[in-house]
Amino acid sequence: MKKWLFSMVAVPVLLMGCSSNDKEVDTNDEPVDVEALEVKVHILTPEEVAVNEPVELAAHVTQNNENVDDAESVKFEVWESGYRDNGQMIDGKLDGDGVYKAEITFDHDGVYYMFAHTTARGLHVMPKQQLIVGNPDMSKVKEDNSSDSMEMDHDTTEEHGETEHSSTEAQHNH
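Let me begin by describing the structure that accompanies this report.

Parameters and conventions
Residues numbered from 1 in each chain as written. Predicted model: local features only at pLDDT ≥ 70, side-chain atom pairs only at ≥ 80, totals over all residues. Heavy atoms only, no water. 1 Å grid on protein atoms, 1.4 Å probe; cavity = no way out; pocket = protein on both sides within 12 Å on 5 of 7 lines; lining within 4 Å. Points joined across faces, edges and corners; volume = space filled by probe spheres on them. Helix = DSSP H or I, 4+ residues; strand = E, 2+ residues; numbered from the N terminus. Nonpolar A, V, L, I, M, F, W, Y, C, P; charged D, E, K, R; others polar. Core = buried A, V, L, I, M, F, W, Y, C linked by side-chain atoms within 4.5 Å. Buried < 20%, exposed > 50% of the residue type's maximum accessible area, 1.4 Å probe, protein only. Contact = heavy atoms within 4.5 Å. Polar contact = N/O pair within 3.5 Å; in protein donor to acceptor, adjacent residues only side chain to side chain. Pairing = 2+ DSSP bridges. Patch = residues over 30% accessible without salt bridge, like charges linked within 9 Å, V, L, I, M, F, W, Y side chains within 5 Å. Areas by Shrake-Rupley, 256 points an atom, 1.4 Å probe, with all protein chains shown as cover. Salt bridge = Lys/Arg side-chain N within 4 Å of Asp/Glu carboxyl O.

## Points about the layout of surface pockets
For step 1, the next point in the chain: Space inside the largest pocket adds up to approximately 190 Å³.
For step 2, the next point in the chain: What lines the largest pocket is a set of 13 residues, among which Trp79, Glu80, Asn86, Gln88 and Tyr112 lie closest to the centre.
For step 3, the next point in the chain: The leading source of residues in the lining of the largest pocket is strand β5 (residues 73-80), at three residues.
For step 4, the next point in the chain: Its residues assigned to classes, the lining of the largest pocket shows six nonpolar, five polar and two charged.

And the structure:
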């Protein structure tokens, strides 16, 4: 019985003596350039456009200063100031060299806003731009209280549930 009791105590003590106190060492000598991993979206659409003429909505998508031609989705959300709930989503199509385009025609003067919702390489970025269409009477323009959040009543919410978000310039964490 004593031998059995001795072995019950001795085995754990011996095993503890064999354990290593060496700490894990990071052998990655090169720091990770987080900015190089970031997906950037530059809106190319002019800020002032004409009424009743086709307007090209365009965004240039890059990562690490290289064009992104394989974005999962580029959608332009456009709404008149004060009427975010009445906005529309327009699918952008790759035109080449990381540039995605869509077209819209505004039928009256006003101040509009546009998000270029871009999902690429596991990130979602959404820069915002104001568009002045024609010659709006700025005293009659409704204040735009829409947040830059993803609160939308559109059929696009499924894209925003499981996507990682990047945060720079007009890009927002969620």
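Now that the structure has been shown, we can carry on.
## As for the nonpolar core
For step 1, the next point in the chain: Of all hydrophobic cores here, the largest spans 26 residues; its most connected members are Leu57, Val61, Phe76, Val78, Ile104, Phe106 and Met114.
For step 2, the next point in the chain: Within the residue set of this core, elements represented by two or more residues are β1 (39-43), β3 (54-63), β5, β8 (99-105), β9 (110-120), β10 (123-125) and β11 (128-133).
For step 3, the next point in the chain: Ignoring any residue separated from it by four or fewer positions in sequence, one finds leucine 57 in contact with Thr45, Phe76, Val78, Ile90, Tyr100, Lys101, Ala102, Ile104 and Met114.
For step 4, the next point in the chain: Counting residues in hydrophobic clusters, the runner-up holds five residues, among them Trp79, Val111, Tyr113 and Phe115.

## Some thoughts on the side chain of histidine 124
For step 1, the next point in the chain: Here histidine 124 is to be found in strand β10.
For step 2, the next point in the chain: What makes histidine 124 buried here is its relative accessible area of 1%.
For step 3, the next point in the chain: In this structure the side chain of histidine 124 is engaged in a polar contact, spanning 3.5 Å, whose partner is the backbone oxygen of threonine 118.

## Remarks on the pairing of strand β7 (residues 93-96)
Regular strands have side chains that alternate between both faces of the sheet.
For step 1, the next point in the chain: Note: β7 against β8, three bridges, orientation antiparallel. Across the sheet, lysine 93 pairs through a bridge with lysine 101, a residue of β8.
For step 2, the next point in the chain: Hairpin connection of β7 to β8: two residues between the antiparallel strands, including aspartate 97 at a positive phi of 55°.

## Considerations on a nonpolar patch on the surface
For step 1, the next point in the chain: Residues Val32, Val34 and Leu37 make up a contiguous nonpolar surface patch of about 300 Å² in total accessible area.
For step 2, the next point in the chain: Position of leucine 37 relative to the elements: it lies in helix α2 (residues 34-37).

## So, the pattern of salt bridges
For step 1, the next point in the chain: Scanning the model with the defined rule gives five salt bridges in all.
For step 2, the next point in the chain: Between glutamate 56 and lysine 101 there is a salt bridge, and its shortest N-O distance comes to 3.5 Å. One end of the pair, glutamate 56, is in strand β3; the other, lysine 101, is in strand β8, with 45 residues separating them in the sequence.
For step 3, the next point in the chain: Exposure remark for glutamate 56: the relative accessible area of 45% places this residue in the partly exposed category.
For step 4, the next point in the chain: Here the salt bridges share partners, and the residues they tie into one network are Glu56, Asp95 and Lys101.

## Describing the environment of threonine 118
For step 1, the next point in the chain: Looking at where threonine 118 falls in the secondary structure, it is placed in strand β9.
For step 2, the next point in the chain: On the basis of relative accessibility, which here comes to 0%, the residue threonine 118 falls in the buried class.
For step 3, the next point in the chain: When the C-alpha positions of threonine 118 and glycine 92 are compared, they lie 9.4 Å apart, and in sequence the two are 26 residues distant.
For step 4, the next point in the chain: Here alanine 116 takes part through its backbone oxygen, which lies 3.1 Å from a polar atom of the side chain of threonine 118.

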